[in-house]
Amino acid sequence: ARRLRPWPCPKPSTTTRRDDSTEFRITHPFHPLTGQRFEVVAYAHTWGEHRVFFHKPTDERVYSIPASWTDVEGIDPVVALGAGSAHFRVVDLLALARVLDELEKEA
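Residues numbered from 1 in each chain as written. Predicted model: local features only at pLDDT ≥ 70, side-chain atom pairs only at ≥ 80, totals over all residues. Heavy atoms only, no water.

**Student:** Just to check I follow, could you spell out a nonpolar patch on the surface for this structure?
**Tutor:** On the surface, Phe-88, Leu-93, Leu-96, Val-99, Leu-100 and Leu-103 cluster together to form a nonpolar patch covering roughly 590 Å² of accessible area. Looking at the secondary structure, you find Leu-96 in helix H2 (residues 90–106). (Patch = residues over 30% accessible without salt bridge, like charges linked within 9 Å, V, L, I, M, F, W, Y side chains within 5 Å. Areas by Shrake-Rupley, 256 points an atom, 1.4 Å probe, with all protein chains shown as cover. Salt bridge = Lys/Arg side-chain N within 4 Å of Asp/Glu carboxyl O. Helix = DSSP H or I, 4+ residues; strand = E, 2+ residues; numbered from the N terminus.)

**Student:** Please clarify how the packing of aromatic side chains should be interpreted in this entry.
**Tutor:** For any pair of aromatic rings, the description rests on two quantities: the centre-to-centre distance and the angle between the ring planes. All chains considered together, the criterion is met by five aromatic pairs. Between Trp-47 and Phe-53, the ring centres sit 6.4 Å apart and the planes meet at 40 degrees, which makes this aromatic pair tilted. With relative accessibility at 11%, the residue Phe-53 sits in the buried group. An aromatic cluster of three or more residues is present, and its members are Phe-24, Phe-38, Phe-54 and Tyr-63. Geometry around Tyr-63 places Lys-56 over its ring, the cationic atom sitting 4.4 Å from the centre. (Phe/Tyr/Trp six-rings, centres within 6.5 Å; stacked < 30°, edge-to-face > 60°. Buried < 20%, exposed > 50% of the residue type's maximum accessible area, 1.4 Å probe, protein only. Lys NZ or Arg CZ within 6 Å of the ring centre and 35° of its normal.)

**Student:** Would you explain unusual backbone geometry in this entry?
**Tutor:** A positive phi is found at Trp-47, a non-glycine position, where the angle reads about 50 degrees. Mapping Trp-47 onto the fold places it in the loop between strand S2 (37–46) and strand S3 (49–55). Within the chain, Thr-58 stands out as a residue other than glycine whose phi angle is a positive 65 degrees. Note on placement: Thr-58 falls in the loop between S3 and strand S4 (62–66). When its relative accessible area of 90% is taken as the criterion, Thr-58 is described as exposed.

**Student:** Where do I start with the side chain of Thr-70 in this structure?
**Tutor:** Summarising the element assignment, Thr-70 is placed in the loop between S4 and helix H1 (77–82). Engagement of the side chain of Thr-70 in a polar contact is seen with the backbone nitrogen of Val-72, the distance being 3.1 Å. If we ignore the near neighbours within four places in the chain, the residues touching Thr-70 are Phe-24, Arg-25, Ile-26, Thr-27, Val-52 and Ile-65. (Polar contact = N/O pair within 3.5 Å; in protein donor to acceptor, adjacent residues only side chain to side chain. Contact = heavy atoms within 4.5 Å.)

Next up, the structure:
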């Protein structure tokens, strides 16, 4: 079995990672492994996105996960700006859309 290239692998130029750690944490809130740390086997652009490849403990199979679901690429700007809340309520955005539609019809 061919082992994937170990960390550090070439990183995209937009990465905000502060170090070349050999570990990462899964941060996606709905992933069953969220909060767990794993050793990076490889980091590559595949299937149209950046992905992190890793082994689960006691399992030789190589798994992959989108890098955006981990702490590899840093904090998502949308998450940082939202700080856990939305700037607008859905009901207010729908009301705004109705007003804009009316203004467009009048113009």
